[in-house]
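Spelled out, the chains give:
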Number of protein chains: 2
Amino acid sequence: MVNERMKELGSRRSVIRELFEYGKLRKQEIGEENVFDFSLGNPSVPAPDAVRERLVELLQESDPVKLHGYTSAQGDLGVRQSIADYLNRTYGADLRADCFYLTAGAAASLTVSLTAILNPGDEVILLAPFFPEYRVFVERTGAKVIPVPCGAPDFQPDLQALEDAITKRTRAVLVNSPNNPTGAVLTAGNAKGLSEILRRGSERIGEPIYLIADEPYRELVYGDTEVPYLPNDYENTVVCYSFSKSISLPGERIGYVMVSPRAKDFSDLYAAVCGAGRALGFVCAPTLFQYLIPSVLGMTADLSVYDTNRRLLLESLTAYGFSVVPPKGAFYLFVKAPDGDACAFCERAKAEELLLVPSEDFGCDGYVRISYCVTTEQVERSLPAFQRLARSYGLG
Amino acid sequence: MVNERMKELGSRRSVIRELFEYGKLRKQEIGEENVFDFSLGNPSVPAPDAVRERLVELLQESDPVKLHGYTSAQGDLGVRQSIADYLNRTYGADLRADCFYLTAGAAASLTVSLTAILNPGDEVILLAPFFPEYRVFVERTGAKVIPVPCGAPDFQPDLQALEDAITKRTRAVLVNSPNNPTGAVLTAGNAKGLSEILRRGSERIGEPIYLIADEPYRELVYGDTEVPYLPNDYENTVVCYSFSKSISLPGERIGYVMVSPRAKDFSDLYAAVCGAGRALGFVCAPTLFQYLIPSVLGMTADLSVYDTNRRLLLESLTAYGFSVVPPKGAFYLFVKAPDGDACAFCERAKAEELLLVPSEDFGCDGYVRISYCVTTEQVERSLPAFQRLARSYGLG
């Protein structure tokens, strides 16, 4: 009757969404304050005041016909130029306005880029663990996911395994740094190593292998961590960016695809990105938020709460006896299931009203993800539950 | 290297977009006021003041974490309930919040609905003339477009031809009333006739044929024209709606899919709509504009300028000797090419700095579309050019 695959995707929500919806119901049952919901990557800090101020200013001072009108499909030219200028200034890049295609957020950036590049039967290498929707986005195009595991303790890519996974059908490698769910950030050395492998691979198969860099967490890093700007290392790079996490606007759906001007067949690839946006029904990115962009480039919400939560959880969970991967960026903590069974671990956590996401759907067994983009007070109040959970495994 | 079809869609812009971009350049060359750009359906009247007021209020008084945060994928529950209540009140419908899936505008509503319903090889009947992107959206799913012509002078559907076009592979009929490009509005009698045919057809082939009603122009009607609410006539209806045209927010990308609660396999179909939104990367509709909806339901921008333009063009072009279809709704005028050659007509119009869209891409030969969503002053100043154009054909 209907498309079976779509029905399945709509009926079987992602594990994350499922847990989030469970949490909503559970909060109604036992009170909001008694459920420790670490399921969703929904920023808990408000957008900077400058966002509200600029939006109000735009609404009060702009011609509404222009402010809310269609832009070119690829986005307003001035806005795209401002992003290029900012990135050139910040990373010494060589980008132009016409490298950018503004989108309705990172998920849209990914579906547009993948649709632009892929044909049925093609292969996309994902570094595991990876955000589970990557699989949905890749498979919708008829292409195939090839997972390449990143190992504990630092979850850096295994470059040899990556090179071995390249075949004649490899069209793209998707990298997410800082990473959801581990918080790992690709090191400068590994960024270079990755580029060399992709360059060699492209040469070997006679076709460019595109590096798709999904970067919504670029600005969310701790200490002196630096996130390599991949287009500077590798020419065939497509960056998928979103303003969701850095300035706490996840629901507003605003981001971009950046096609490196040094990519092989740049103009074909950029045209295909525009064509994919058109075919998928995006028309143009939401205009009010397009016009917001120039004034918020380089700005972040107050991210210090994430750092506080990170330290608190890292210290406490380690003290309770859990084995934890110290995150360098993003707002996720990846915790090893003490007996290796992530699903059982999550069920036991649920009994303590802790909502954690098991790692299976991330393409990696035996871990759980804690999204610590919540208030510090919530983290503090959750600690006894984590301690009880540890004890139930005989830890600590 | 890249997906060839996407490259083609991105390199070969739609005829409408192509003309719009030509217009932008031409305005730079000879001055904005000297180009009469009737190419794009971009509303020329501002959004109602209430839109700005409510947006500012939301920004100043709401918690930004909630205001800009993710909603459920199908949209905020309260917002969906308010739309259901409004439609039930207005059309005596029987809709619930869970019939609605909020989207990033009408194009998104269409790609989501089509992706939910179609499999490769399926057939979708389009009543021609139709908005050219329908073809792009249908073909992206691997399904096939079956055009059924609507004839002059009133461009109502030929119900017999429609019935004859139904085959075992027919999964949907897409109807756009008020129509882009003709301005025709389906009569109550034809809405009932259409329903009977679809009911008979569904029975004959043993599968529901879905009626997809694309309704961004619902509120844009002239005189005492009434637009039948198709879910009241036919159970297997999916409405694709957008707030773009009625309240002049085309760039903001906000609309919905409504699945009739009486549709066969309602829950499968609704699940498939949610699944399609997920697979295409929509995540959720832009949240600030979701929260705007309850306060603008039933509201329209000041549409009187469109009516003034319509009368002025209808009267003048008829007087100059053109054969014109009087529009009942939307803001398009469909004009017959005097010698039947629409492309030649558009080229000749271009020489007079009149930008009109030829009808070929609308699945119908021999007409041009005038988008009269411009200022009345622009229409007035364009009339001598139309008159010269008429004379060049020996009319008047």
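Since the model is a prediction, treat every value here as computed from it, not as a measurement. (Residues numbered from 1 in each chain as written. Chains lettered and ligands numbered in written order. Predicted model: local features only at pLDDT ≥ 70, side-chain atom pairs only at ≥ 80, totals over all residues.)

## A closer look at the overall build of chain A
Here is the rule we go by: Secondary structure counts use DSSP, requiring at least four H or I residues in a row for a helix and at least two E residues in a row for a strand, with both numbered from the N terminus. To get the radius of gyration, use the C-alpha atoms; to get the globule rule, take the number of residues to the power 0.38 and multiply by 2.2 Å. Field definition: a residue is buried when 20 or more other C-beta atoms are found within 10 Å of its C-beta, exposed when 12 or fewer are, and partly exposed for counts in between, with C-beta atoms placed from the backbone. Contact criterion: two residues are in contact if their C-beta atoms, reconstructed from the backbone, are within 7 Å.
Across its full length, chain A carries 14 helices and 13 strands. Here the C-alpha atoms of chain A give a radius of gyration of 21 Å, agreeing with the 21 Å that 2.2 N^0.38 yields for 396 residues. Each of the three principal axes of chain A carries a C-alpha extent, and together these read 60 × 55 × 55 Å. Relative to its full complement of 396 residues, chain A shows a buried share of 54%. In chain A, the share of contacts with a sequence separation of at least 24, taken over all contacts with a separation of at least 6, comes to 76%.

## A look at the nonpolar core
Taken as a class, soluble globular proteins show a tendency for nonpolar side chains to be buried jointly. Put simply, the rule is: For our purposes the nonpolar core covers buried Ala, Val, Leu, Ile, Met, Phe, Trp, Tyr and Cys residues that link as a set through C-beta atoms within 7 Å.
Among the nonpolar cores identified, the biggest contains 273 residues, and A:Val273 and B:Val273 are the most heavily contacted of them. Sequence-distant contacts of A:Val273, defined by excluding residues within four places in its chain, comprise A:Tyr101, A:Val112, A:Ser113, A:Ala116, A:Val257, A:Val259 and B:Gly10.

## Overview of the sheet that holds strand 2 (residues 100–103) of chain B
All names here are of chain B. The following threshold applies: DSSP calls a pair of strands paired once it identifies at least 2 bridges connecting them. Comment: axis = line fitted to C-alpha atoms, over the contacting stretch for helices; angle = value between 0 and 180 degrees taken between N-to-C directions.
The strand order 2-8-7-6-5-3-4 describes an open sheet built from 7 strands, whose pairing is mixed. Looking along the sheet, the strands with just one partner apiece sit at the ends: strand 2 and strand 4 (144–149). When strand polarity is set aside, the average angle formed by the axes of neighbouring strands in this sheet is 20°. For strand 3 (residues 123–128) and strand 5 (residues 170–176), the ladder comprises 4 bridges, and the chain directions are parallel. Within strand 5, the position partnered with Ile-125 by the bridge is Val-173.

## Details of helix 11 (residues 287–296) of chain A
Residues and elements named next belong to chain A. For helix 11, a buried count of 7 out of 10 residues is recorded, marking the element as mostly surrounded by other parts of the structure. What helix 11 keeps buried is the set Thr-287, Leu-288, Phe-289, Gln-290, Tyr-291, Leu-292 and Ile-293. Each element contacted by the buried residues of helix 11 is listed here: helix 3 (49–61), helix 4 (64–67), helix 5 (77–91) and strand 2 (100–103). Just downstream of helix 11, Gly-298 is the residue with a positive phi angle, here 85°.

## Thoughts on the interface of chain B and chain A
What counts here: Residues were grouped as follows: Ala, Val, Leu, Ile, Met, Phe, Trp, Tyr, Cys and Pro as nonpolar; Asp, Glu, Lys and Arg as charged; and all remaining residues, including Gly, as polar.
Taken residue by residue, the interface counts 64 residues in chain B and 64 residues in chain A. Only helix 1 (4–11), helix 3 (49–61), helix 4 (64–67), helix 6 (106–117), helix 7 (133–140), helix 11 (266–280) and helix 12 (287–292) of chain B provide two or more residues apiece to the side of chain B that touches chain A. For the side of chain B that touches chain A, the element with the most residues is helix 11 of chain B, which contributes 11 residues. Residues of the side of chain B that touches chain A, tallied by class, amount to 36 nonpolar, 18 polar and 10 charged.

## So, the pairing of strand 2 of chain B
Side chains on a regular strand alternate between the two faces of the sheet. All names here are of chain B. Residues Phe-100 and Leu-102 line one face of strand 2 and the alternating positions Tyr-101 and Thr-103 line the opposite face, and both faces are buried. The pairing of strand 2 with strand 8 (residues 255–259) spans 4 bridges and is antiparallel. Counted as the bridge partner of Tyr-101 is Val-257 from strand 8.

## Re the confidence of the model for chain A
We count it as follows: How sure the predictor is of each residue is captured by pLDDT, a score from 0 to 100.
Of all residues in chain A, 100% have pLDDT values of 70 or greater, and the mean over the chain is 96. Two numbers describe this predicted complex: its pTM, 0.96, and its ipTM, 0.95.

## A short note on the relation of the copies chain B and chain A
Inclusion rule: The least-squares superposition of copies is restricted to C-alpha atoms, and to residues with a pLDDT of at least 70 in both copies.
Mapping chain B onto chain A calls for a screw motion: a turn of 180° about the axis and a shift of 0.0 Å along it, with 0.0 Å RMSD after fitting. As the rotation angle and translation indicate, the two copies are arranged about a two-fold axis. In terms of C-alpha distance to the rotation axis, chain B has B:Val56 as its closest residue, with the C-alpha 2.9 Å off the axis. Taken as a fraction of all interface residues of chain B, those also at the interface in chain A reach 100%, which identifies the copy contact as same-surface.

## Focus: the domain arrangement of chain A
Residues and elements named next belong to chain A. Short version of the rule: Throughout the structure description, domain borders are defined by an automatic or database domain assignment.
Each domain of chain A was delimited in the assignment, giving domain 1 (4–48 + 302–392) and domain 2 (71–296). Computed over C-alpha atoms, the centres of domain 1 and domain 2 are 26 Å apart. Facing 29 residues of domain 1, the contacting portion of domain 2 comprises 31 residues. Going through the elements one at a time, helix 12 (304–320) and strand 10 (332–336) are the ones with two or more residues in the side of domain 1 that touches domain 2. Residue classes in the side of domain 1 that touches domain 2 are distributed as 18 nonpolar, 6 polar and 5 charged.

## Quick notes on the packing of helix 13 (residues 304–320) of chain B against helix 15 (residues 376–392) of chain B
If you want to describe how two helices pack, look at the angle between their axes and the distance between the axes. Residues and elements named next belong to chain B. Here is the rule: Throughout, the term roughly parallel applies to angles under 35 degrees, roughly antiparallel to angles over 145, roughly perpendicular to angles from 65 to 115, and oblique to all others. Crossing handedness follows the turn of the near helix against the far one: under a right angle anticlockwise gives a left-handed crossing, and clockwise gives a right-handed one.
Contact geometry of helix 13 with helix 15 gives a least axis separation of 10 Å together with a crossing angle of 15°. Classified by the interaxial angle, the pair formed by helix 13 and helix 15 is roughly parallel. Both helix 13 and helix 15 take part in a crossing whose hand is right-handed. Residues Val-305, Thr-308, Asn-309, Leu-312, Leu-313, Ser-316, Leu-317 and Tyr-320 of helix 13 pack against Thr-376, Val-379, Leu-383, Phe-386, Gln-387 and Ala-390 of helix 15. Here the residues of the contact of helix 13 with helix 15 sort into 9 nonpolar, 5 polar and no charged.

## A few points about the packing of helix 3 of chain A against helix 3 of chain B
Where helix 3 of chain A contacts helix 3 of chain B, the two axes come as close as 10 Å, and the packing angle between them is 170°. Viewed along their axes, helix 3 of chain A and helix 3 of chain B adopt a mutual orientation that is roughly antiparallel. The segment helix 3 of chain A lies against helix 3 of chain B, with A:Arg52, A:Leu55, A:Val56, A:Leu59 and A:Gln60 engaging B:Arg52, B:Leu55, B:Val56, B:Leu59 and B:Gln60. Split into classes, the residues belonging to the contact of helix 3 of chain A with helix 3 of chain B amount to 6 nonpolar, 2 polar and 2 charged.

## Section: unusual backbone geometry
The step from A:Ser177 to A:Pro178 runs through a cis peptide bond, and the omega angle for that step is -5°. Mapped onto the fold, A:Pro178 is located in the loop between strand 5 (170–176) and helix 9 (188–205). Residue A:Pro181 follows A:Asn180 across a cis peptide bond; omega there is 20°. In this fold, A:Pro181 is placed in the loop between strand 5 and helix 9. For B:Asp265, which is not glycine, the phi dihedral falls at a positive 55°.

## Examining helix 5 of chain A
Structural remark: α-helix, 3.6 residues per turn; residues separated by three or four positions point the same way. Residue and element names in this part refer to chain A. Selection rule: Given the number of residues in a helix, its expected span is that number minus one, multiplied by 1.5 Å. Starting at the helix axis, one direction is taken to each C-beta atom, and the arc is that of these directions.
Taking 1.5 Å of rise per residue, the 15 residues of helix 5 would be expected to cover 21 Å, and the 21 Å separating its terminal C-alpha atoms lies within 8% of that figure. Buried within helix 5 are the following residues: Val-79, Arg-80, Ile-83, Ala-84 and Leu-87. On an axial view of helix 5, the arc spanned by its buried residues comes to 140°, and they lie on one face. Looking one or two residues past helix 5, Gly-92 carries a phi angle of roughly 60°, positive in sign.

## With respect to the pairing of strand 3 (residues 123–128) of chain A
Residues and elements named next belong to chain A. Convention followed: The definition of a right-handed crossover adopted here requires that, viewed with the strands pointing away, the path from the first strand over the helix to the second runs clockwise.
Among the 6 residues of strand 3, 6 are classified as buried, and the element is accordingly described as predominantly covered. Because side chains alternate across strand 3, one face comprises the buried residues Glu-123, Ile-125 and Leu-127, and the other comprises Val-124, Leu-126 and Ala-128, equally buried. Bridge count for strand 3 against strand 4 (residues 144–149) is 6 bridges, and the pairing is parallel. Looking across to strand 4, one finds that Val-124 is bridged to Val-145. Between the parallel pair strand 3 and strand 4, the chain is carried across by helix 7 (residues 133–140), and the sense of this crossover is right-handed.

## Examining the environment of A:Tyr306
Residue and element names in this part refer to chain A. Tracing the sequence through the fold places Tyr-306 in helix 12. Residue classification places Tyr-306 among the buried positions, given that 24 C-beta atoms sit within 10 Å. Through-space distance from the C-alpha of Tyr-306 to that of Ser-248 is 12 Å; in sequence the pair is 58 residues apart. Here Tyr-306 is in contact with Leu-220, Phe-331, Tyr-372 and Cys-373, once residues within four sequence places are set aside.

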